[in-house]
Amino acid sequence: MTSVTAIGQTLTQARKWYDEGRYDQAKPVFKKFIKQQPANGNYCLWYGVCCLKTGEPAAAVKPLETAVKKRIPSGQLYLAQAYHNVYRFDDAVKVYEEYIAELIRRKRPTDEAETLLAKSKQAQRLLKGVEEVCIVDSIVVDKKNFLSAYRNGPESGHIFMYNAYFKDETEQESTVFETELRNRIYYAKIQGDTTYNILSRSKMADGWSKESPLPGAVNEGVNANYPYVMSDGITVYYAGDGPGSLGGYDIFVTRYNTSNDTYLNPENVGMPFNSPFNDYMYVVDEYNNLGWFASDRYQPEGKVCIYTFVPNASKRVYDYEHTEKDKLIRLASLHSIRESWTDNNTVADARQRLRLLSTEKSVEKKEHDFEFIIDDQTIYYHLTDFHSAEAKETFNVYRRLERNFKQTGNKLKNQRNAYMRATDADKKRMTPGILDLEKRMEQLSAELKQTAIKVRNLEKANLK
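Residues numbered from 1 in each chain as written. Predicted model: local features only at pLDDT ≥ 70, side-chain atom pairs only at ≥ 80, totals over all residues. Heavy atoms only, no water.

## A word on helix α6 (residues 89-105)
Line of reasoning, step 1. Its 17 residues give α6 an end-to-end C-alpha distance of 24 Å, which sits within 8% of 24 Å, the value for a rise of 1.5 Å per residue.
Line of reasoning, step 2. What α6 keeps buried is the set Phe89, Ala92, Val93, Val95, Tyr96, Tyr99, Ile100 and Leu103.
Line of reasoning, step 3. Against the buried residues of α6 lie α5 (75-85) and α7 (111-127).
Line of reasoning, step 4. Backbone geometry just downstream of α6 places lysine 107 in the positive-phi region, at approximately 60°. (Helix = DSSP H or I, 4+ residues; strand = E, 2+ residues; numbered from the N terminus. Expected span 1.5 Å × (residues − 1). Buried < 20%, exposed > 50% of the residue type's maximum accessible area, 1.4 Å probe, protein only. Contact = heavy atoms within 4.5 Å.)

Here's what the structure looks like:
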């Protein structure tokens, strides 16, 4: 009699934890009961949901399938979520549709299920276009300090945690991107409706301008956060959890449309960058040909994985029709980064660049910001050295051109190295791109020389 009472008390306590969302505590209790009664639909539902909520979707599938067979209410909803999180998107869509049909029959609301069904259908489409990208490194870090794992060089701008940059003690889980020239910032901030919006400010003569939201569709989702702007000043990567995401934050890209002062409709960057979990803070260092992004896929609470990858000059995708389904899912979910290695030389070169960047991060900041010759007697090292406002502004244009010249040269070097190792078919495909880069290098070189002359003439005219 005592043992029966004790069992009842244990089950009651586990149900209480379950109802309170304390799934990690309830899970081992329900697991014990499932071993005793593996066909009990309620036990299977409770244990399956606990596994799902604690980041073990694969372990959740079998018990939730049993709960559905036993026709336990809400079993279909959770089974579909488990299928979605293990990349069984076809199965997820089928179960969601069955669940929605049942809700309609019972005259129950279908909004939540319709939203989740849309995410699984989006995932179905994205799985057919998984990008072939080389992931060269991954490291698990504390979420609160995750930016410490990014090794991008100063040419690609500067990234900070919001609270550290603004010295703000309010709870803001967001970041700040500052351009290379430190004359513009982009950041996410909690709004009155408790969602994050991306805002920007420009450096003025007397300080920073007032903050203004990015125009267009960027902030129309539920949350927009973790902005990063490419060196062209037009392309923006950010994370959003609204329509078009697979679950939690997804990485999106948009571009500024100068003709109407707004941003184009954002596009999901797809897999393997995005997953059914939270993926964000996409950063590309064009000069060093490396990129980073963060993901909490299959990570414990409070931890994230920072992936380092080699950006593609143009998007390449795996052949969906001729790639084994299980292998495609492994590649899409980044089950093993080694599976993304198709060229050991590419990996070795990228890791060497990463080591150099890591070393540079620990070196003391240079005494001079730059070195620009005005004439045989005068060399400038800081923007404050300029006397002419027009010359200073033109010099900023010169620096942007110089950065583009270096980045384009680096791309050309990488393309030439890849060309030497490529097959004849790949060489034929790569040739037009290399020729375009060579032409662009010539154009930039000419623009650099002309702009440097203009800077010198403007400054010397002011000094007369």
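## Quick look at unusual backbone geometry
With the exception of glycine, the majority of residues adopt a negative phi angle, and the majority of peptide bonds are in the trans configuration.
Line of reasoning, step 1. Omega for the bond connecting methionine 271 with proline 272 falls within 30 degrees of zero, at 10°, which places this linkage in the cis form.
Line of reasoning, step 2. Summarising the element assignment, proline 272 is placed in the loop between β12 (267-268) and β13 (279-285).
Line of reasoning, step 3. Despite not being glycine, serine 74 has its phi angle at roughly 75°, a positive value.
Line of reasoning, step 4. Tracing the sequence through the fold places serine 74 in the loop between α4 (57-69) and α5.
Line of reasoning, step 5. Phi at lysine 167 takes a positive value of approximately 50°, unusual for a residue other than glycine.
Line of reasoning, step 6. Of note, lysine 167 is situated in the loop between α8 (162-166) and β3 (175-178).
Line of reasoning, step 7. Lysine 167 sits in the exposed class, given a relative accessible area of 72%.

## Topic: the side chain of asparagine 197
Line of reasoning, step 1. Summarising the element assignment, asparagine 197 is placed in strand β5 (residues 196-204).
Line of reasoning, step 2. In contact with asparagine 197, other than residues within four places in its own chain, are Tyr187, Ala188, Lys189, Gln191, Asn219 and Ala224.

## Observations concerning the packing of aromatic side chains
The relation between two aromatic rings is expressed through the spacing of the ring centres and the mutual angle of the planes.
Line of reasoning, step 1. Under the counting rule described, the total for this entry stands at 36 aromatic pairs.
Line of reasoning, step 2. A ring pair is formed by tyrosine 18 and tyrosine 23, whose centres lie 5.7 Å apart and whose planes are at 85°; its orientation type is edge-to-face. Each of the two residues, tyrosine 18 as well as tyrosine 23, counts as buried.
Line of reasoning, step 3. Judged by centre distance (5.8 Å) and plane angle (20°), the ring pair of phenylalanine 395 and tyrosine 398 falls under stacked. Taken together, the positions of phenylalanine 395 and tyrosine 398, both in helix α11 (residues 389-421) and 3 residues apart, correspond to about one turn of that helix. By the burial criterion, phenylalanine 395 is buried, and tyrosine 398 matches it.
Line of reasoning, step 4. Connected via pairs of aromatic rings, a cluster forms that spans Tyr18, Tyr23, Phe30, Phe33, Tyr43 and Trp46. (Phe/Tyr/Trp six-rings, centres within 6.5 Å; stacked < 30°, edge-to-face > 60°.)

## So, the pairing of strand β15 (residues 303-310)
Line of reasoning, step 1. In terms of residue burial, β15 counts as a mostly covered element, since 7 of its 8 residues are buried.
Line of reasoning, step 2. Of the strand pairs in this sheet, strand β1 (residues 134-142) and β15 are connected by 8 bridges, and their pairing is antiparallel. Bridged to isoleucine 139 within β15 is isoleucine 306.
Line of reasoning, step 3. Both strand β14 (residues 290-295) and β15 contribute to a ladder of 5 bridges, which runs antiparallel. Among the inter-strand pairings, phenylalanine 293 is bridged to a residue of β15, identified as tyrosine 307. (Pairing = 2+ DSSP bridges.)

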